[in-house]
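Here is how the chains run, residue by residue.
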Amino acid sequence: MPAPHGGKLIRRVDENKNIDDIEKIKVSRDLAHDLENIAYGVFSPLEGFMCREDFESVLHHMRLANDLPWTIPIVFDFDGNIKEGDEVALVGENGTVAIMNIEEIYSYDKKEYAEKVFRTTDIAHPGVKKLTEMKEKLVGGKITLVKEGKEEFDKYYLKPYETRILFKEKGWRDIVAFQTRNVPHIGHEYVQKTALTFVDGVFINPIIGKKKKGDFKDEVILKAYDALIEHYYLKDRAVLAILKTEMRYAGPREAIFHAIVRKNFGCTHFIVGRDHAGVGNYYGPYDAHEIFNEFPDLGITPIFFKSFFYCKKCGGVVNEKICPHDKEHHVYYSGTAIRKMLMSGEMPPETMMRKEVAEIIMSYDNPFVD
Amino acid sequence: MTEGKEEKGKYTTVSIPTPLAEKIKKRIEGTGFNSISSYVTYVLRELLASMEEEEEEAFSKEDEEKIKERLRALGYLD
């Protein structure tokens, strides 16, 4: 099992801390998730929200100031009345409470942030849009979690110290992580199972948090995966647990970030598919593969997949490396096409989606984020 | 790996035998490591991390058992 990123699994939790006399600041659900991710080591080696030196190093070098790979700024934007040296309590909408020691308050350039992280300043990009809505100052400093939030999917919520014990108990040495924000179709299943053939277990780790309009609702994704695993996976070879963080849609940079997070959970391998964490046409389909060349010191092994498809001539699910037939024989797994079928009440063919998965999705009046 | 950060004064020089440096130079060809320093930094970091992990007993037996109990209750362990 790989050591956590930076060598040590961060744990910054003190449930006995009294916050009665500390100024309280309300924060969003997404920021509350980041607080827990920092406190439980999901974002190791971060111990708090980034101060300027780390923030700028991440923007310009895709590394923390100490040169460790890190590609996504983890920041707290705030413009209220606080000053450096203050101690404040951050209170999330979901009940999360954490203490933050304000080390640094600094300004930043949103245009530069967008260009570096999202490779665009187009307001139509959901990450850029969110960035434009952020406050004008960033606040850096260490945090300590006092109280964990309560949410509806907590039975799927495992922390890295738990997954590491879980994998050890299962006797898994090589673990491949699969990042998702979608319900599974047959192409996803084949990617996971192909990778699983060479390792001991697959860690299916859907992102739960803010997504864009038209994405599947969190509950639908989890129930669909429960059905898939129950009917088509060996129980001892698959673990389903959530990652509470928002999608940034930062494509290649987010692929590296996703890999680091899964390394902290104890995974040795990370699946990177087509247009990982992409949106629209902002990134090339395999940019998220190429970026890994810049991080030979990541400490988790990426496994790259090109798209799987069904070949009528082969009579099975294949990819371009193993199928010799022309495109006319291929049926591609189009998320849009599957979505259309599901919305019109039409059951997708079994070559595209498992019946049990489709039935779960179709049991919802509206399975999509509004 | 990051180049051009030396000016920040956060780096120091460590001497290694020339034959070893030559071996490393060959080893990193085509790997993405663009200097002997970046490779040596990576290897030392990994080594120290694994040693620290072995030294550090993260949980007492009692705490570990509590975690396993939770994993059983959630259906992750039999």
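Residues numbered from 1 in each chain as written. Chains lettered and ligands numbered in written order. Predicted model: local features only at pLDDT ≥ 70, side-chain atom pairs only at ≥ 80, totals over all residues. Heavy atoms only, no water.

Asker: An account of the interface of chain A and chain B is requested, with residue identities and associated values reported.
Answerer: Across the boundary between the two partners, chain A contributes 36 residues, which contact 26 residues of chain B. Overall, the association of chain A and chain B removes approximately 2,600 Å² of surface from exposure, summing both partners, and the carbon and sulfur fraction of that is 52%. By the criterion of area lost to chain B, the three top residues of chain A are A:Asp67, A:Ile165 and A:Pro296, representing 21% of everything that side buries. Taken together, the links from chain A to chain B amount to four salt bridges. The partner of A:Lys235 in a salt bridge is B:Asp78, with the nearest N and O atoms 3.3 Å apart. On the surface where chain A and chain B come into contact, there are six residue pairs in polar contact (both at pLDDT 80 or more). Tallying contributions element by element places helix H5 (residues 160–170) of chain A first for the side of chain A that touches chain B, with eight residues. (Contact = heavy atoms within 4.5 Å. Buried area = accessible area lost by both parts, 1.4 Å probe. Salt bridge = Lys/Arg side-chain N within 4 Å of Asp/Glu carboxyl O. Polar contact = N/O pair within 3.5 Å; in protein donor to acceptor, adjacent residues only side chain to side chain. Helix = DSSP H or I, 4+ residues; strand = E, 2+ residues; numbered from the N terminus.)

Asker: So what about the confidence of the model for chain A? Which residues, and what values?
Answerer: A low pLDDT score tells you not to read the predicted coordinates there in detail. When pLDDT is averaged along chain A, the result is 94; 100% of the residues meet or exceed 70. Looking at the elements of chain A, mean pLDDT is at its lowest for helix H10 (residues 335–343) of chain A, recorded as 85, and at its highest for strand E2 (residues 48–49) of chain A, recorded as 98. (pLDDT = per-residue confidence, 0-100.)

Asker: Outline the packing of aromatic side chains, supporting the account with residue identities and numerical values.
Answerer: Residue and element names in this part refer to chain A. Following the criterion strictly, the structure yields 21 aromatic pairs over all chains and no others. Ring centres of Phe-55 and Tyr-113 lie 5.7 Å apart, and the angle between their planes is 50°; this geometry places the pair in the tilted category. Here the residue Phe-55 occupies a position in helix H2 (residues 52–61), and Tyr-113 occupies one in helix H3 (residues 110–118), the gap between them amounting to 58 residues. In terms of burial, Phe-55 and Tyr-113 fall into one category: buried. An angle of 45° between the planes, with centres 5.8 Å apart, marks the rings of Phe-305 and Phe-308 as tilted. You'll find Phe-305 and Phe-308 in the same group, each marked buried. Here the aromatic residues Phe-55, Tyr-106, Tyr-108, Tyr-113 and Phe-118 are joined through ring pairs into a cluster of three or more. (Phe/Tyr/Trp six-rings, centres within 6.5 Å; stacked < 30°, edge-to-face > 60°. Buried < 20%, exposed > 50% of the residue type's maximum accessible area, 1.4 Å probe, protein only.)

Asker: Can you lay out the nonpolar core for me, pointing to particular residues and giving the numbers?
Answerer: All names here are of chain A. One finds Phe-49, Met-50, Trp-70, Ile-74 and Phe-76 to be the most contacted residues of the largest nonpolar core, which totals 125 residues. Once residues within four sequence positions are removed from consideration, Met-50 is found in contact with Phe-55, Val-58, Leu-64, Trp-70, Ile-72, Pro-73, Ile-74, Val-75, Tyr-106, Val-139 and Gly-140. Counting residues in hydrophobic clusters, the runner-up holds six residues, among them Ile-22, Ala-89, Val-97 and Ile-99. (Core = buried A, V, L, I, M, F, W, Y, C linked by side-chain atoms within 4.5 Å.)

Asker: How would you sum up the sheet that holds strand E16 (residues 330–332) of chain A? Please name residues and give values.
Answerer: All names here are of chain A. Spatially, three strands are ordered E15-E14-E16 in an open sheet, and the strand pairing comes out antiparallel. Sheet topology places strand E15 (316–319) and E16 at the edges, where each strand pairs with a single neighbour. Here the average twist between neighbouring strands, direction ignored, is 45°. Two strands pair when backbone bridges link them, and strand E14 (residues 308–311) and E15 are joined in this way by four bridges, in the antiparallel orientation. Counterpart to Tyr-310 in the pairing with E15 is Val-317. (Pairing = 2+ DSSP bridges. Axes fitted to C-alpha atoms, helices over the stretch in contact; angles between N-to-C directions.)

Asker: Can you break down the pattern of salt bridges residue by residue, with the values?
Answerer: Throughout the structure, instances matching the rule amount to 29 salt bridges over all chains. A:Glu133 is the partner of A:Lys129 in a salt bridge, and the nearest nitrogen-oxygen pair spans 2.9 Å. A residue pair is termed a helical-turn pair when its members lie 3 or 4 positions apart in one helix, as A:Lys129 and A:Glu133 do in helix H4 (residues 126–133) at four residues. By relative accessible area, A:Glu133 is classed as exposed at 54%. Between A:Glu169 and B:Lys68 there is a salt bridge whose closest N-O contact spans 3.2 Å. With A:Glu169 in helix H5 and B:Lys68 in helix H3 (residues 61–73), the pair connects residues from two separate chains. Given a relative accessible area of 38%, A:Glu169 falls into the partly exposed group.

Asker: Talk me through the pairing of strand E7 (residues 137–147) of chain A; I want residue IDs and the actual numbers.
Answerer: Residue and element names in this part refer to chain A. The buried count for E7 comes to eight of eleven residues, which makes it a mostly enclosed element. Examined bridge by bridge, E2 and E7 share two bridges and lie antiparallel to one another. Opposite Phe-49, over in E7, you have Gly-141 as the bridge partner. The pairing of strand E5 (residues 97–101) with E7 spans four bridges and is classified as antiparallel. In the strand pairing of E7, Val-97 is matched with Lys-147.

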